[in-house]
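Notes for the structure review
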There are 2 protein chains.
Amino acid sequence: MKTELDENKDLSAQIAEAIRDAIIEGNLIVDQRLPSEAELCEKFDVGRSTVREALKRLAAQNLIRTQRGATGGAFVNRMSFEDAYDQQITTSTLLLSMNSVDFETACEARYALERSCAPLSAQRRTPDQLATMRAEIHRQSQPGLTDEAFCASDVAFHRALVDGAGNPVLSYQLAGAVEAMQPLMNMITYTQRDRERIVGLHTEITDAIEAQIPEQTDASLQKLAQYTIEMGRSRLSATATGKTSPSE
Amino acid sequence: MKTELDENKDLSAQIAEAIRDAIIEGNLIVDQRLPSEAELCEKFDVGRSTVREALKRLAAQNLIRTQRGATGGAFVNRMSFEDAYDQQITTSTLLLSMNSVDFETACEARYALERSCAPLSAQRRTPDQLATMRAEIHRQSQPGLTDEAFCASDVAFHRALVDGAGNPVLSYQLAGAVEAMQPLMNMITYTQRDRERIVGLHTEITDAIEAQIPEQTDASLQKLAQYTIEMGRSRLSATATGKTSPSE
DNA sequence: TTGTCGTAATTGTCTGACAATTCATTTGCT
DNA sequence: AGCAAATGAATTGTCAGACAATTACGACAA
């Protein structure tokens with residue numbers, strides 16, 4: 001049963017695609033074992049290197065995992081939320097950094113998405129998530145924090161906010177948007193006044209979520225969005241089109 | 001300059017990761033040529049197969065492209081929005097189908113996200129996008145349309161709505177959410193009454209967007225969200241936990 | 001029963017070879 | 001000189017064969 005006699009380009013890519021399609025179509029189900037490399041060689045009538053390169057392509061997308069040994073082989077992988085997070089974040093980060101997406105566009109997207117889960121968060125947040133948010137706010141108030149650490153804490157705060165919606169699909173989608181912004185946010189130098197303002201707004205948001213008032217949550221988040229965009233506009237306007245060396 | 005002498009597992013994965021990190025860090029910039037396979041062999045002190053498998057992993061993530069010939073080699077790829085779309089859609093689709101995410105959760109996420117760009121769409125939609133929406137509504141009204149074709153048109157409608165926000169980052173993020181829902185939506189059998197109701201709501205949304213009234217757009221979209229969730233609840237409740245064969 | 005050994009299956013890696021492709025250079029003809 | 005064709009070199013794509021590493025399983029002995 002030789003399958004897939006194709007034409008003129010990159011056999012390993014074609015084989016990978018064939019198997020990927022089979023997984024998407026549901027012809028190969030989770031944890032099912034693929035044929036061994038030797039069998040795939042026969043089936044597609046190619047050498048072993050070619051089959052292996054195809055399998056590595058699939059492994060890179062978390063579609064399969066491999067195991068050595070007698071009962072080993074390649075198995076269809078269950079796409080975990082965690083794997084999907086990582087992929088999303090990598091892709092989003094590269095997308096933003098390689099296409100010189102301006103701060104304002106990215107920021108608008110991020111806050112638009114984030115606002116969509118704020119009301120849900122206000123309804124459903126757990127005490128745990130609330131505690132995380134408070135803890136991050138406290139960290140952000142520490143004097144002597146580097147800008148990078150401040151940004152990292154900011155991301156953690158917003159992830160807790162997003163996770164508060166209790167919808168893993170939402171969390172997954174938002175992960176990319178929130179994390180991918182970090183490199184852009186890192187380009188900003190935060191003044192003491194900036195930090196105070198941001199911490200204040202974070203507190204406002206957290207208070208609203210604790211009180212479970214969706215409207216107030218949304219309003220505070222919107223204020224934060226606006227402040228962030230203004231901050232980006234004033235800090236990044238000088239270096240807008242050129243390379244980014246805000247040294248002098 | 002032998003780099004990366006590592007320990008006990010999967011050399012090709014480690015090499016791929018090293019190169020990927022270099023790309024993310026910015027040590028390798030877009031369109032820059034990587035060392036040839038032979039050079040990488042020396043640098044990492046491994047065989048050519050190993051290097052090639054590492055490169056295929058990167059190619060599978062659209063991080064590099066390869067070119068044959070004298071001036072060929074592997075080049076850092078610019079992550080295009082289109083590539084990112086595709087990756088997002090594949091990942092999201094598999095994530096939903098493999099983790100038995102229930103219709104309601106997915107639906108909630110999708111409409112929450114979609115509502116976040118509705119106001120922007122109302123402000124910025126182009127005549128083109130408006131026309132696309134009208135055209136899809138018209139298609140959806142055609143009698144004799146299969147459920148699948150109806151769903152496909154639904155997706156096209158919503159993508160036009162999302163694109164109307166004029167923010168490519170938003171469009172990219174939403175692509176996954178909207179497209180990944182399609183298989184779930186396909187499991188529903190749409191009655192004539194369903195279709196009329198949906199077309200009606202689509203028209204309401206489009207009218208609001210044409211009139212550029214954000215509040216009305218949001219309200220109509222929310223009605224559609226609610227109707228969709230109810231529809232899913234009533235149609236899919238019977239087959240909730242078991243396999244999905246709604247044949248009889 | 002239990003522990004050890006060997007065998008088979010399978011993936012991971014290396015080496016060497018050749019094919020295909022592409023560019024640069026040289027050669028040859030006008 | 002100018003242009004076309006042949007040549008060569010560099011590089012990726014593919015194949016074949018070998019060996020190492022890992023794992024499961026059964027056979028055998030204590």
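Computed from a predicted model, the values in this text were never measured in an experiment.

This paragraph deals with the nonpolar core. Among the nonpolar cores identified, the biggest contains 92 residues, and A:Leu170, A:Leu174, A:Tyr190, B:Leu170, B:Leu174 and B:Tyr190 are the most heavily contacted of them. Sequence-distant contacts of B:Tyr190, that is, excluding residues within four places in its chain, are made with B:Asp147, B:Phe150, B:Cys151, B:Met185, B:Arg195, B:Ile198 and B:Met231.

Turning our attention to the protein's contact with DNA strand C. Close contacts around DNA strand C come from 23 residues, with A:Arg48, A:Arg68, B:Leu11, B:Gly47 and B:Thr50 the closest. Expressed as a percentage, the sugar and phosphate content of the atoms of DNA strand C within 4 Å of the protein is 65%. Note that a phosphate oxygen of DNA strand C is positioned 3.2 Å from one of the backbone N or O atoms of A:Glu37. At a separation of 3.3 Å, a base oxygen of DNA strand C approaches a polar backbone atom of B:Gly69. Where the surface near DNA strand C is concerned, the elements lending two or more residues are α3 (48-60) and β1 (64-67) of chain A together with α3 (48-60) of chain B. Looking at the surface near DNA strand C residue by residue, the class counts come to four nonpolar, ten polar and nine charged.

Right, let's talk about the packing of aromatic side chains for a bit. Residues and elements named next belong to chain A. Under the counting rule described, the total for this entry stands at two aromatic pairs over all chains. Judged by centre distance (5.2 Å) and plane angle (50 degrees), the ring pair of Phe 150 and Tyr 190 falls under tilted. Of the two residues, Phe 150 is situated in helix α7 (residues 147-163) and Tyr 190 in the loop between α9 (182-186) and α10 (192-210); the sequence distance between them amounts to 40 residues. Assessed through its relative accessible area of 1%, Phe 150 is described here as buried. Above the ring of Phe 150, the side-chain terminus of Arg 195 is found at 4.9 Å from the ring centroid.

Take α3(A) next. The periodicity of an α-helix, 3.6 residues per turn, causes residues three or four positions apart to be oriented the same way. With 13 residues, α3(A) should reach 18 Å at 1.5 Å per residue; the first-to-last C-alpha distance of 18 Å fits that figure. Within the span of α3(A), buried status applies to A:Thr50, A:Val51, A:Glu53, A:Ala54, A:Leu55, A:Lys56, A:Arg57, A:Leu58, A:Ala59 and A:Ala60. Packed against the buried residues of α3(A) are α1 (11-25), α2 (37-44) and β1 of chain A together with α1 (11-25) and α3 of chain B. A positive backbone phi angle near 60 degrees is found at A:Asn62, which sits one or two residues after α3(A).

Let us now look at the environment of B:Asp218. Residue and element names in this part refer to chain B. With respect to the helices, strands and loops of the structure, Asp 218 is situated in helix α11 (residues 214-236). Separated by 96 residues in sequence, Asp 218 and Ala 122 have C-alpha atoms that sit 9.3 Å apart. A polar side-chain atom of Asp 218 sits 2.9 Å from a polar atom in the side chain of Arg 115.

All right, on to the interface of chain A and chain B then. Opposite the 47 residues of chain A that make contact, chain B presents 47 residues. Interface of chain A and chain B: buried area, both sides summed, is about 4,200 Å²; carbon and sulfur atoms make up 65% of it. Between B:Glu53 and A:Arg52 there is a salt bridge, with its nearest N and O atoms 2.8 Å apart. Linking chain A with chain B are 18 residue pairs in polar contact (both at pLDDT 80 or more). Mapped by element, the contributors of at least two residues to the side of chain A that touches chain B are α1, α3, α4 (81-98), α5 (103-124) and α8 (168-180) of chain A. Residue contributions to the side of chain A that touches chain B peak at eleven residues, all from α4(A). Grouping the amino acids of the side of chain A that touches chain B by side-chain chemistry returns 25 nonpolar, 15 polar and seven charged.

Here we come to the environment of B:Tyr227. All names here are of chain B. Its place among the elements puts Tyr 227 in helix α11. Once the C-alpha coordinates of Tyr 227 and Gly 166 are considered, the two residues, 61 residues apart in sequence, prove to be 27 Å apart. Setting aside residues up to four positions removed in sequence, Tyr 227 forms contacts with Arg 193, Asp 194, Arg 197, Ile 198 and Leu 201.

Our next topic: the UniProt feature "domain: HTH gntR-type" (unreviewed entry) in chain A. On the UniProt side, "domain: HTH gntR-type" (unreviewed entry) is annotated at positions that read residues 9-79 of chain A here. Here residues 9-79 of chain A is 51% helix and 11% strand, with 29 Å between the C-alpha atoms at its ends.

This part covers α5(A). Residue and element names in this part refer to chain A. With 22 residues, α5 extends 31 Å between its outermost C-alpha atoms, agreeing within 8% with the 32 Å of an ideal straight helix rising 1.5 Å per residue. Residue Ala 118 marks the point of greatest curvature in α5, where the axis turns by about 30 degrees; the proline Pro 119 follows within four residues. Among the 22 residues of α5, 17 are classified as buried, and the element is accordingly described as predominantly covered.

The next thing to look at is the relation of the copies chain A and chain B. Here chain A sits on chain B after a turn of 180 degrees about the axis and a move of 0.0 Å along it, with an RMSD of 0.1 Å. Seen this way, the second copy is the image of the first under a two-fold rotation axis. Relative to the rotation axis, the C-alpha of A:Arg57 is the closest in chain A, positioned 2.4 Å from it. Comparing interface residues between copies, 100% of those in chain A also sit at the interface in chain B, which points to an isologous, same-surface contact.

Scoring rules and cut-offs
- Residues numbered from 1 in each chain as written.
- Chains lettered and ligands numbered in written order.
- Predicted model: local features only at pLDDT ≥ 70, side-chain atom pairs only at ≥ 80, totals over all residues.
- Heavy atoms only, no water.
- Core = buried A, V, L, I, M, F, W, Y, C linked by side-chain atoms within 4.5 Å.
- Buried < 20%, exposed > 50% of the residue type's maximum accessible area, 1.4 Å probe, protein only.
- Contact = heavy atoms within 4.5 Å.
- Near = heavy atom within 4 Å.
- Polar contact = N/O pair within 3.5 Å; in protein donor to acceptor, adjacent residues only side chain to side chain.
- Helix = DSSP H or I, 4+ residues; strand = E, 2+ residues; numbered from the N terminus.
- Nonpolar A, V, L, I, M, F, W, Y, C, P; charged D, E, K, R; others polar.
- Phe/Tyr/Trp six-rings, centres within 6.5 Å; stacked < 30°, edge-to-face > 60°.
- Lys NZ or Arg CZ within 6 Å of the ring centre and 35° of its normal.
- Expected span 1.5 Å × (residues − 1).
- Buried area = accessible area lost by both parts, 1.4 Å probe.
- Salt bridge = Lys/Arg side-chain N within 4 Å of Asp/Glu carboxyl O.
- UniProt positions renumbered as here; feature names shortened; annotations may be inferred.
- Bend = angle between axes of the 7 residues up to and from the residue.
- Least-squares fit on C-alpha atoms with pLDDT ≥ 70 in both.

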